[in-house]
Amino acid sequence: MKPELLFPRETIGRRVKELAEQISRDYEGRELLLVGVLNGAFIFMADLIRGMSIPCRVDFVRVASYGCGSQSSGEVRITKDLETPIAGRDVLIVEDIVDTGLTLSHLLNVLRERQPASVRVCTFLDKKERRRVPFTAEYVGFAIPDEFVVGYGLDFNEKFRFLPDVCMLKDIA
Ligand code: PRP
């Protein structure tokens, strides 16, 4: 199973910097709380925050979806919650990938109940074809086709997260 290059690290670096600049402009004069969704978002979040020019705080959540293999049952639950109270704060959820949209729909519902001043989503990758619920992220690094991708934090059975480039894995079924 050989990963095929999709986005080289230089392309990723340029796009992540653009996103950080856009977010910094949009939140000028405010203090943002970046909420990383573990585990996949850790590399994207680290690069994104270093490209920002406004003050940011960070916190993390971990969300588990029930189901087997790559098929989600649609039920999600928070297995590691935020440690920061978010009432009245501007919150930006940072994800590595949106696929069916189930994880983020659920997470948004949970976080909105806590009455943040605002909550938006920044995802590194967006696989729109796979949506099972309507969901649109405000900030998207790259829209991608329905291919299995790894690297830059994304895994296959916990492997390949360390790859600096984003690669496609063919023939995994
Ligand atoms: C991935 C990704 C999102 C979720 C997106 O997490 O990081 O959280 O799946 O899928 P959805 O749009 O279909 O809900 P995963 O469960 O693979 O965990 P990981 O981040 O630890 O790799």
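Residues numbered from 1 in each chain as written. Predicted model: local features only at pLDDT ≥ 70, side-chain atom pairs only at ≥ 80, totals over all residues. Heavy atoms only, no water.

S.K.: Help me understand the packing of aromatic side chains in this model?
M.R.: How two aromatic rings sit relative to each other is set out by the distance from centre to centre and by the angle between their planes. Scanning the entire structure with this criterion turns up five aromatic pairs. Relative to Phe 156, the ring of Phe 148 has its centre 5.5 Å away and its plane inclined at 80 degrees; by these criteria the two rings are edge-to-face. Given the relative accessible area of 15%, Phe 156 is considered buried. Counting every residue linked through ring pairs, the aromatic cluster contains Phe 7, Phe 44, Phe 124, Phe 142 and Tyr 152. (Phe/Tyr/Trp six-rings, centres within 6.5 Å; stacked < 30°, edge-to-face > 60°. Buried < 20%, exposed > 50% of the residue type's maximum accessible area, 1.4 Å probe, protein only.)

S.K.: Just to check I follow, could you spell out the pattern of salt bridges for this structure?
M.R.: Two side chains that carry opposite charge are able to pair once their charged atoms sit near each other. Per the counting criterion, the structure on display carries 16 salt bridges. Asp 47 is the salt-bridge partner of Arg 50, the closest N and O atoms lying 2.8 Å from each other. Linking Arg 50 with Asp 47, this pair stays in helix H2 (residues 42-50), spanning three residues, or about one helical turn. Since its relative accessible area comes to 63%, Arg 50 is described here as exposed. Three or more residues are tied together by salt bridges with common partners; here these are Glu 31, Arg 57 and Arg 89. (Salt bridge = Lys/Arg side-chain N within 4 Å of Asp/Glu carboxyl O. Helix = DSSP H or I, 4+ residues; strand = E, 2+ residues; numbered from the N terminus.)

S.K.: Looking at this structure, I do not really get the sheet that holds strand E8 (residues 148-150). What am I missing?
M.R.: Neighbouring strands of a sheet are bound in pairs by backbone hydrogen bonds; such pairs are parallel or else antiparallel. With antiparallel pairing, the three strands of this open sheet are ordered in space as E1-E9-E8. A single partner strand is all that each edge strand has here, and the edge strands are strand E1 (4-7) and E8. In this sheet, adjacent strand axes meet at a mean angle of 45 degrees when their direction is disregarded. In the sheet, E8 pairs with strand E9 (residues 166-169) via three bridges, with the strands oriented antiparallel. Residue pairing in the sheet places Val 150 in a bridge with Cys 167 of E9. (Pairing = 2+ DSSP bridges. Axes fitted to C-alpha atoms, helices over the stretch in contact; angles between N-to-C directions.)

S.K.: Explanation requested: the site of the ligand in the structure shown.
M.R.: Around the ligand, the structure places 15 residues, and the nearest of them are Glu 95, Asp 96, Thr 100, Gly 101 and Thr 103. Arg 161 has a polar side-chain atom sitting 3.1 Å from an oxygen atom of the ligand. For the shell around the ligand, the elements supplying multiple residues, two or more each, are strand E5 (90-98) and helix H3 (102-112). Of the residues forming the shell around the ligand, the biggest block, four residues, is contributed by E5. In terms of residue class, the shell around the ligand is built from four nonpolar, five polar and six charged. (Near = heavy atom within 4 Å. Polar contact = N/O pair within 3.5 Å; in protein donor to acceptor, adjacent residues only side chain to side chain. Nonpolar A, V, L, I, M, F, W, Y, C, P; charged D, E, K, R; others polar.)

S.K.: Explain the sheet that holds strand E7 (residues 139-143) here, please?
M.R.: The sheet built from six strands is open, its strands ordered E4-E3-E2-E5-E6-E7 with mixed pairing. The two strands at the open ends of the sheet, each matched to only one other strand, are strand E4 (76-80) and E7. Averaged over neighbouring strand pairs, the angle between their axes works out to 30 degrees when direction is ignored. Direction of pairing for strand E2 (residues 32-38) relative to strand E3 (residues 56-65): parallel, over a ladder of seven bridges. By the bridge assignment for E3, Leu 38 is matched with Arg 62. The strands touched by H3 within the sheet are E2, E3, E4, E5 and strand E6 (118-126), with E5 carrying the most contacts at an inclination of about 165 degrees. (Contact = heavy atoms within 4.5 Å.)

S.K.: Any chance you could explain the side chain of Asp 165 here in plain terms?
M.R.: Inspection of the secondary structure puts Asp 165 in the loop between E8 and E9. Of the residues examined, Asp 165 reaches a relative accessible area of 13% and is grouped as buried. A distance of 2.7 Å separates a polar side-chain atom of Asp 165 from the backbone nitrogen of Arg 9.

S.K.: So what exactly am I meant to see when it comes to the state of the cysteines here?
M.R.: By definition, a disulfide links two cysteine residues through a covalent bond between their sulfur atoms. Under the counting rule described, the total for this entry stands at zero disulfides. Here Cys 56 is not disulfide-linked; the sulfur of Cys 122 is the nearest cysteine sulfur, at 11 Å. A relative accessible area of 23% means that Cys 56 is categorised as partly exposed. (Disulfide = S-S within 2.5 Å.)

Keep in mind these values describe shape, not function.
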